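The residues making up each chain are set out below.
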Amino acid sequence: MGLKNKKNTEDPEEPLVTSQSTEPEIGHLSPSKKETIMVTLHGATNLPACKDGSEPWPYVVVKSTSEEKNNQSSKAVTSVTSEPTRAPIWGDTVNVEIQAEDAGQEDVILKVVDNRKKQELLSYKIPIKYLRVFHPYHFELVKPTESGKADEATAKTQLYATVVRKSSFIPRYIGCNHMALEIFLRRVNEPLANNPNPIVVIARVVPNYKEFKVSQANRDLASVGLPITPLSFPIPSVMNFDVPRVSQNGCPQLSKPGGPPEQPLWNQSFLFQGRDGATNFSEDTALVLEYYSSTSMKGSQPWTLDQPLGISVLPLKSRLYRKMLTGKGLDGLHVERLPIMDTSLKTINGEAPTVDLSFQLLSSERPENFLTPNNSKALPTLDPKILDEKLGTIQESWSKDTVSSTVDLSTSTPREAEEEPLVPEMSRDTEMNNYRRAMQKMAEDILSLRRQTNILEGENHILRSRLVQQEEEERQGKASEAQNTVSMKQKLLLSELDMKKLRDRVQYLQNELIRKNDREKELLLLYQAQQPPAALLKQYQGKLQKMKALEETVRHQEKAGFPVLSASGLPLGSMGENLPVELYSVLLAENAKLRTELDKNRHQQAPIILQQQALPDLLSGTSDKFNLLAKLEHAQSRILSLESQLEDSARRWGREKQDLATRLQEQEKGFRHPSNSIVIEQPSALTHSTDLKQPLNLEPLLPSSDTKLNKPSNPQKETANSQQT
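Attention in this report is confined to the structure presented alongside it. Keep in mind it's a predicted model, so treat the numbers as computed, not measured. (Residues numbered from 1 in each chain as written. Predicted model: local features only at pLDDT ≥ 70, side-chain atom pairs only at ≥ 80, totals over all residues. Heavy atoms only, no water.)

1. As for the sheet that holds strand 4 (residues 76-77)
Heads up, the condition is: At least two bridges found by DSSP between two strands are what make those strands a pair. Numbered from the N terminus, helices here are DSSP runs of H or I no shorter than four residues, and strands are runs of E no shorter than two.
If you trace the four strands from one edge of the open sheet to the other, you get 4-3-6-7, paired in antiparallel fashion. Lying at the two open borders of the sheet, with one neighbouring strand each, are strand 4 and strand 7 (120-127). In the sheet, strand 3 (residues 58-64) pairs with strand 6 (residues 107-114) via seven bridges, with the strands oriented antiparallel. Residue Tyr59 lies in a different strand from strand 6, and its bridge partner there is Val113.

2. Thoughts on the environment of Asn194
Definition in use: Between two residues, a contact is recorded if the distance between any of their heavy atoms is within 4.5 Å. Any N or O atom pair separated by 3.5 Å or less is treated as a polar contact, with the protein-specific requirement of one donor-capable and one acceptor-capable atom, and with residues adjacent in sequence counted only for side-chain atom pairs.
With respect to the helices, strands and loops of the structure, Asn194 is situated in the loop between strand 10 (180-188) and strand 11 (199-206). Residues Asn194 and Thr347, spaced 153 residues apart in sequence, show a C-alpha to C-alpha distance of 7.7 Å. The residues contacting Asn194, other than those within four sequence positions of it, are Ser344, Leu345 and Lys346. Within the structure, the side chain of Asn194 is placed 2.8 Å from the backbone oxygen of Ser344, a separation counted as a polar contact. Among the polar contacts listed, one links the side chain of Asn194 to the backbone nitrogen of Lys346, at a separation of 3.0 Å.

3. Looking at the side chain of Lys111
Short version of the rule: When accessible area is computed with a 1.4 Å probe and restricted to protein chains, residues below 20% of their type maximum are described as buried, those above 50% as exposed, and intermediate ones as partly exposed.
Position of Lys111 relative to the elements: it lies in strand 6. Residue classification places Lys111 among the buried residues on the basis of a relative accessible area of 14%. Apart from residues lying up to four places away in sequence, Lys111 is in contact with Tyr59, Val60, Val61, Glu68, Glu120, Leu122 and Ser123.

4. Some details on the packing of aromatic side chains
This is how it is decided: When the centres of two rings from Phe, Tyr and Trp lie within 6.5 Å, Trp using its six-membered ring, the rings pair. Their planes under 30 degrees apart give stacked, over 60 give edge-to-face, and anything left gives tilted.
Using the criterion set out here, one finds seven aromatic pairs in the structure. Ring geometry for Tyr130 and Phe241: centres 5.5 Å apart, planes at 45 degrees, overall tilted. Of this pair, Tyr130 sits in the loop between strand 7 and strand 8 (137-142) while Phe241 sits in the loop between strand 12 (229-231) and strand 13 (253-254), and the two are 111 residues apart along the sequence. Taking 5.5 Å as the distance between ring centres and 20 degrees as the angle between the ring planes, the aromatic pair formed by Tyr137 and Phe139 counts as stacked. Summarising the burial analysis for this pair, Tyr137 and Phe139 share the class buried.

Here's what the structure looks like:
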């Protein structure tokens, strides 16, 4: 799978259009204080259609959550497919770098985007902290939804990807002297005659090759092809990322397609770290290479590889481990012609093809020299004669004849075997044989202990998994109980708050009801207090009208009865004749009666106007209070002025009555006054009568607006009336 980190457009998230690269990958480590997430996008099946129903033209964008949060464009973008399809095949590898200190909080996001509409079709989020360092995860990602279940449109949508988390150093395995085993696969040595397509390789290190062959014969899914780990979203548990310390089928790694088909070239480096690598050298351990046609990856559901084209096996024995340590510079070996077995592939010469590979042990946490096409040729070459056609059993014979005639792993070439000195002395041979037997027994004991260690580690892993599962279940149970307790407390708190709000609401409504009742009582009392002054005002207005009528009657009678007095003191008639004394007396008596009644009305007590009480604070505004108080003061001042006018008029009428009575007595006694005396007094009487008319122009004490305010009504009408006033 070609490494794709460069772009050919200005937009970093535009899909790549370059062809797949055949350059080797440089290094397995990330930069200092950083981690690299390497994602290989193999393909997808049953992609959803675009929103308008058209076929998608997909490519994949990979970025971290920090880049997504900061709206940063990602450089990790795959190429776009050659045509719109819902089952794309990419085969591109992209890298995303993050700070090592942020690995616990960062997630890697995979987005499938349509090239034409730039519309996001799918999105996946994988926590980086769950990934084991340098372990290849082969995922089948199920499309996530908000509810955690795939809808009908994407129920069968899968995205296939390989994810590897790389660190800036190789972690040390406890009890191991070496960090990892690196395998460098270069090419097929001879041109092929019957291979039409590029070839991909699956490399794995198996602890027991015989058991692995049995698993393959039984078609165990973990031993055939590339095992896929289904990963649904949201991720249910961290156990989906668990890796066993000892795997019977190894941890398979997938190469990029090797081309051209006539003679495939890979220059691919595989890194096997921990138990899967440097420390697992024994009689049964082997490196297994499986060859597949790249076309077998297309159109399958689920995404798997078909029957392999062939297989290569390199036994990793203890003598091979010791031989690797004898090299100069790099601790490794070079195998020029490792045969491809169980295959129908043929070279142009009709022989079985072979491949060229190298391998070395890495002893440093930060190795500087990884295998390349150049430095791999400098490694010591392993003689292919020691490998048989099936398992490649390495012959180990410690006899004298075997040492002289057979090439074993203690020598890399026959020349080195010939250079080993032979000791003729019998005692030296006996000592060496004893030493060899002891070493052989010790080696067998060591291998037995390693096998037992592997078995115990497997059992420990199972027990550890069960313990983790139990702890997870207990943690989930406790978490659910704690969550239920918290939810119950929250519900109780909410119910208490609701109850408190209801109590406050009831209290408020009760207070409002009491205030409304008090206001209604005050308004009723005010209305009742305003009723008597209104009645008295009406009564006095009637009396004033009656007084006016009496004044008019008196004035007409005076004009008709005695307009002019004669020289004798008697009034003259209309023709100037003297009126009879009796008629004059009758008129005077009637006038005296009317004046008495008028004086009685004047001297009655003035109407008492009850002062309005201060309105309660329930009135809407201060301006309404001031308006009502101003009107009340105006009415009171008006009433006082009317009372003073009535008193003045009563005094004048009393003086006139007294003058008339005095004059009447003087006339009866025979006293005479000048003829114009009464005429002079008449204007005064008329003036008094005019003054008496003045109180008749009384306005009502309480205007209609004030009267309405004193009656019980709603506050809105009261405010409107006061504003109109």
